[in-house]
Amino acid sequence: MTGRNQTIISEFLILGLPIQPEQKNMFYALLLTMYLTTILGNLLIIVLIRLDSHLHTPMYLFLSNLSFSDVCFSSVTMPKLLQIMQSQVPSISYAACLTQMYFFLFFADLESFLLVAMAYDRYVAICFPLHYTAIMSPSLCLCLVVLSWVLTTFHALLHTLLTARLSFCADNVIPHFFCDMSALLKLACSDTRVNELVIFIMGGLILVIPFLLIIVSYAQIVTSILKVPSARGIHKAFSTCGSHLSVVSLFYGTVIGLYLYPSANNSTVKETVMAMMYTVVTPMLNPFIYSLRNRDMKGALGRVICKRKISFCL
Ligand SMILES: *[C@@H]1O[C@H](CO)[C@@H](O)[C@H](O)[C@H]1NC(C)=O
């Protein structure tokens with residue numbers, strides 16, 4: 001490093017989406033709509049679960065936590081992306097970039113842990129229905145949530161500190177729509193081998209293990225239902241597990257694909273589309289898949305609206 005003419009980079013340029021200029025307004029409208037849908041859908045779930053005491057069960061408390069995490073996760077990237085799409089110079093300061101990276105990792109991990117907690121909750125509910133309330137006690141639920149927050153804090157901090165020690169020299173253009181960790185690593189001009197090793201090991205622990213746990217609990221659910229086959233039971237199991245599994249696979253499939261197999265052929269478009277899937281599409285779909293199709297939630301919506309109406313009339 002000595003003797004090299006090194007400029008300290010104080011800001012990055014975010015290239016944004018790989019689209020033509022004439023498509024910009026259409027994508028802007030589309031992304032804004034998706035972002036607002038995510039925020040409104042998830043806030044509706046949080047408010048419903050808060051207001052309706054029938055929904056104060058472990059499953060819905062986890063769901064409300066997941067909705068909170070979805071709101072934050074999409075707010076880490078979307079407002080900045082929307083701002084960048086409208087600005088002439090799409091710059092982000094070094095500190096803001098690392099902050100975005102930290103919170104991105106934080107909420108992505110939190111989502112991952114909460115999906116595991118939800119799968120475990122369904123596993124206990126279906127395989128041990130008689131012991132459900134004893135096993136999933138409020139203290140265990142709180143423990144799982146707190147543990148998720150603690151683990152995710154450390155994991156995100158580890159990656160952010162490791163990235164903060166890298167130096168960036170000439171190239172400051174991020175070919176992505178947010179400050180993505182792997183995109184930043186490609187720009188660094190210091191040695192990134194430690195970072196890559198940590199990403200690989202921690203990625204394995206933080207993503208692959210939760211994914212396997214979820215698959216195992218759903219497999220247990222399916223086998224326990226097939227043991228005592230009834231048409232209604234099977235229909236119910238496949239309709240809930242099927243939609244849960246599709247969201248889980250979408251989320252983990254794209255994240256694992258991106259982080260554990262950094263692309264050799266540098267196809268930015270493919271990476272962007274995959275990143276779009278888990279940053280924009282899954283947080284938007286989660287409320288619909290996990291709850292709004294569900295009878296309890298519809299009942300709660302009805303009750304909350306009726307109650308308001310009555311108090312309004314009185
Ligand atoms: C998250 O879950 C915990 C434990 O079940 C619960 O006490 C808390 O209210 C939930 N938080 C939100 C925002 O729903």
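Scroll up to find the structure.
Before going into details, it helps to say that this report is about the structure given with it. (Residues numbered from 1 in each chain as written. Predicted model: local features only at pLDDT ≥ 70, side-chain atom pairs only at ≥ 80, totals over all residues. Heavy atoms only, no water.)

Observations regarding the overall build of the protein chain
Then, in step 1: When you go through the protein chain residue by residue, the secondary structure sums to ten helices and three strands.
Then, in step 2: Along its sequence from the N terminus, the protein chain presents helices and strands in the succession β-α-α-β-α-α-α-β-α-α-α-α-α.
Then, in step 3: Over its C-alpha atoms the protein chain spans a radius of gyration of 22 Å, differing by no more than 12% from the 20 Å that the globule rule assigns to 314 residues.
Then, in step 4: If you line up the protein chain on its principal axes, its C-alpha atoms span 70 × 45 × 35 Å.
Then, in step 5: Taking as baseline every contact in the protein chain between residues at least 6 positions apart, the subset at least 24 positions apart corresponds to 80%.
Then, in step 6: Accessible surface, the protein chain: about 16,300 Å² in total, of which carbon and sulfur atoms supply 70%.
Then, in step 7: Seen as two clouds, the 19 positive and the 13 negative side-chain charges of the protein chain have centres 13 Å apart. (Helix = DSSP H or I, 4+ residues; strand = E, 2+ residues; numbered from the N terminus. Rg over C-alpha atoms; globule rule 2.2 N^0.38 Å. Contact = heavy atoms within 4.5 Å. Areas by Shrake-Rupley, 256 points an atom, 1.4 Å probe, with all protein chains shown as cover. Lys, Arg positive; Asp, Glu negative; His and termini not counted. Charge placed at Lys NZ, Arg CZ, Asp CG, Glu CD.)

Here we look at the side chain of His-155
Then, in step 1: Secondary-structure assignment places His-155 in helix H5 (residues 138-164).
Then, in step 2: Note on His-155: relative accessible area 6%, which makes it buried.
Then, in step 3: Polar side-chain contacts of His-155 include one of 2.9 Å to the side chain of His-159. (Buried < 20%, exposed > 50% of the residue type's maximum accessible area, 1.4 Å probe, protein only. Polar contact = N/O pair within 3.5 Å; in protein donor to acceptor, adjacent residues only side chain to side chain.)

What about the state of the cysteines?
Then, in step 1: Evaluation of the coordinates by the stated rule reveals two disulfides.
Then, in step 2: What pairs with Cys-169 in a disulfide is Cys-189, and their sulfur atoms sit 1.7 Å apart. The sign of the S-S torsion, about 70°, decides the handedness of the disulfide formed by Cys-169 and Cys-189: right-handed. Taken together, the positions of Cys-169 in the loop between H5 and strand E3 (173-174) and Cys-189 in the loop between helix H6 (181-187) and helix H7 (193-227) put the pair 20 residues apart, joining distant regions of the chain.
Then, in step 3: Given a relative accessible area of 26%, Cys-189 falls into the partly exposed group.
Then, in step 4: Here the disulfide map of the protein chain reads 1-3, 2-4, the bonded cysteines being numbered as they appear in the sequence.
Then, in step 5: Free cysteine Cys-141: the closest other cysteine sulfur is in Cys-143, separated by 9.7 Å.
Then, in step 6: Taking the relative accessible area as the measure of exposure, Cys-141 reaches 8% and is therefore buried. (Disulfide = S-S within 2.5 Å.)

Section: the pattern of salt bridges
Then, in step 1: By the definition in use, this model includes three salt bridges.
Then, in step 2: Here Arg-303 ties to Asp-52 by a salt bridge, and the two come within 3.0 Å at their closest N and O atoms. Residue Arg-303 is found in helix H10 (residues 295-313), and its partner Asp-52 is found in the loop between helix H1 (24-51) and helix H2 (58-86); the two are separated by 251 residues along the sequence.
Then, in step 3: Judged by its relative accessible area of 4%, Asp-52 is buried. (Salt bridge = Lys/Arg side-chain N within 4 Å of Asp/Glu carboxyl O.)

With respect to the sheet that holds strand E2 (residues 91-93)
Then, in step 1: The three strands lie next to each other as E2-E1-E3, forming an open sheet whose pairing is mixed. Only two strands of the sheet have a single partner each, and these edge strands are E2 and E3.
Then, in step 2: Sheet analysis places strand E1 (residues 11-14) next to E2, joined by three bridges and oriented antiparallel. Considered in E2, the bridge of Phe-12 is made with Ile-92.
Then, in step 3: Contacts from helix H3 (residues 94-127) reach E1, E2 and E3 within the one sheet, and its direction differs from that of E2 by about 85°. (Pairing = 2+ DSSP bridges. Axes fitted to C-alpha atoms, helices over the stretch in contact; angles between N-to-C directions.)

Some words on H7
Then, in step 1: For H7, spanning 35 residues, the distance from its first C-alpha to its last is 50 Å, which sits close to the expected 51 Å at 1.5 Å a residue.
Then, in step 2: Taken as a whole, H7 carries its principal kink of about 30° at Gly-203. (Expected span 1.5 Å × (residues − 1). Bend = angle between axes of the 7 residues up to and from the residue.)

Concerning the packing of aromatic side chains
Then, in step 1: Per the stated rule, a full pass over the model turns up 16 aromatic pairs.
Then, in step 2: Summarising the aromatic geometry, the rings of Phe-106 and Phe-107 are spaced 5.0 Å apart at their centres and angled 80° between planes, so their arrangement reads as edge-to-face. In this structure, Phe-106 and Phe-107 share a single accessibility class: buried.
Then, in step 3: Each residue in the set Phe-68, Tyr-102, Phe-103, Phe-106, Phe-107 and Trp-149 is aromatic and connected to the rest through ring pairs, giving one cluster. (Phe/Tyr/Trp six-rings, centres within 6.5 Å; stacked < 30°, edge-to-face > 60°.)

Overview of the site of the ligand
Then, in step 1: Taken together, Arg-50, Leu-61, Ser-64, Asn-65, Cys-141, Leu-142 and Val-145 are the residues near the ligand.
Then, in step 2: Within the side chain of Arg-50, an N or O atom sits 3.3 Å from an oxygen atom of the ligand.
Then, in step 3: Contact between the ligand and Asn-65: an oxygen atom at 2.3 Å from a side-chain N or O atom of the residue.
Then, in step 4: Calculation on the ligand without its partners gives an accessible area of 360 Å², and the protein chains cover 74% of this total.
Then, in step 5: Per-class residue counts for the shell around the ligand are four nonpolar, two polar and one charged. (Near = heavy atom within 4 Å. Nonpolar A, V, L, I, M, F, W, Y, C, P; charged D, E, K, R; others polar.)

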